[in-house]
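Each chain, letter by letter, is given below.
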Amino acid sequence: MANSSADRHLEDLQEIRSLMERSSRFISLSGLSGICAGTFALAGAFITWQYVHHDYAGFIWNIVDQVPALWFLAAVACGVLLMSVVTGIFFTTRNAKRKGQKIWDASSRNLLINLAIPLIAGGLFCLVLLYHAPALMAPATLVFYGLALINASKYTLSDIRYLGFCEIITGLLASVSPGYGLLFWAFGFGVLHIIYGAMMYFKYER
């Protein structure tokens, strides 16, 4: 009888803990959105690789001579970002509805705010690198993205923290490997996202 009462108390505590976690963490991030973002990133990296490899616009790391290439790369990056955001919103909204969680509440606001701060800082820093050390832009995007994920992880599933650490390590490796920035970028934003998304999908969504 005592054991039965203890079990009920334990179940009640677990339920309370689950409710508190649901109220403070946004737990509806979709693994499918990570897979899509990774796929788009790999496609963007491949298009960029082809553009550079065939030297369509005299691509060299000189600010004056690379203006056409920068416009091309900006268009590719914006396309990847836009498609990733659209699919991310779609799959996350669908996942939230399945779990009965609001898509916009205090937890999702905290998640976005803590994600945005390092991303905005990193974006501004990359604009500075564009004129002083453009070869470090790819490593910088990976490092700041990793920092953003770690910063936001306390408001969502903790698994995202490990992706953040992997992104930072990839960015640091890219910073000491001149000439391989695009490959590291493809691995960080492409391969790692696909692996992370698949793990999240099989762990939480199936």
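To keep things clear, this report deals only with the structure shown in the data block. (Residues numbered from 1 in each chain as written. Predicted model: local features only at pLDDT ≥ 70, side-chain atom pairs only at ≥ 80, totals over all residues. Heavy atoms only, no water.)

1. A few points about the environment of phenylalanine 72
Thought 1: Within the element layout of this structure, phenylalanine 72 appears in helix H3 (residues 67–99).
Thought 2: Sequence-wise, phenylalanine 72 and threonine 48 are 24 residues apart; in three dimensions their C-alpha atoms are separated by 8.4 Å. (Helix = DSSP H or I, 4+ residues; strand = E, 2+ residues; numbered from the N terminus.)

2. Description of the pattern of salt bridges
Thought 1: Scanning the entire structure with this criterion turns up one salt bridge.
Thought 2: Aspartate 159 is paired through a salt bridge with lysine 203; the nearest N and O atoms lie 2.9 Å apart. Taken together, the residues span a long stretch of sequence, with aspartate 159 in helix H6 (residues 159–175) and lysine 203 in helix H7 (residues 181–205) at a distance of 44 residues.
Thought 3: For aspartate 159, a relative accessible area of 15% translates into the label buried. (Salt bridge = Lys/Arg side-chain N within 4 Å of Asp/Glu carboxyl O. Buried < 20%, exposed > 50% of the residue type's maximum accessible area, 1.4 Å probe, protein only.)

3. Some details on the layout of surface pockets
Thought 1: The volume enclosed by the second largest pocket comes to roughly 200 Å³.
Thought 2: In terms of lining residues, the second largest pocket is bounded by Asp159, Tyr162, Leu163, Cys166, Leu192, Ile195, Tyr196, Met199, Met200 and Lys203.
Thought 3: Considering each element in turn, the lining of the second largest pocket owes the most residues, six residues, to H7. (1 Å grid on protein atoms, 1.4 Å probe; cavity = no way out; pocket = protein on both sides within 12 Å on 5 of 7 lines; lining within 4 Å. Points joined across faces, edges and corners; volume = space filled by probe spheres on them.)

4. Digging into H6
Thought 1: With 17 residues, H6 ought to run about 24 Å at 1.5 Å a step, and its terminal C-alpha atoms sit 25 Å apart, in line with that.
Thought 2: Those residues of H6 that sit buried are Asp159, Ile160, Leu163, Gly164, Glu167, Ile168, Thr170, Gly171 and Ala174.
Thought 3: In this structure, the buried side of H6 is in contact with helix H5 (137–152) and H7. (Expected span 1.5 Å × (residues − 1). Contact = heavy atoms within 4.5 Å.)

5. So, the nonpolar core
A general tendency of soluble globular proteins is for nonpolar side chains to be buried together.
Thought 1: Ala41, Leu142, Tyr145, Leu149, Leu157, Ile160, Leu163, Phe189, Leu192, Tyr196 and Met200 form the largest nonpolar core, which has eleven residues in total.
Thought 2: Listed by contribution, the elements that provide at least two residues to this core are H5, H6 and H7.
Thought 3: Apart from the residues within four sequence positions on either side, leucine 163 is in contact with Leu149, Leu192, His193 and Tyr196.
Thought 4: Judged by nonpolar contacts, the second largest core, of five residues, contains Cys36, Phe40, Val76 and Val80. (Core = buried A, V, L, I, M, F, W, Y, C linked by side-chain atoms within 4.5 Å.)

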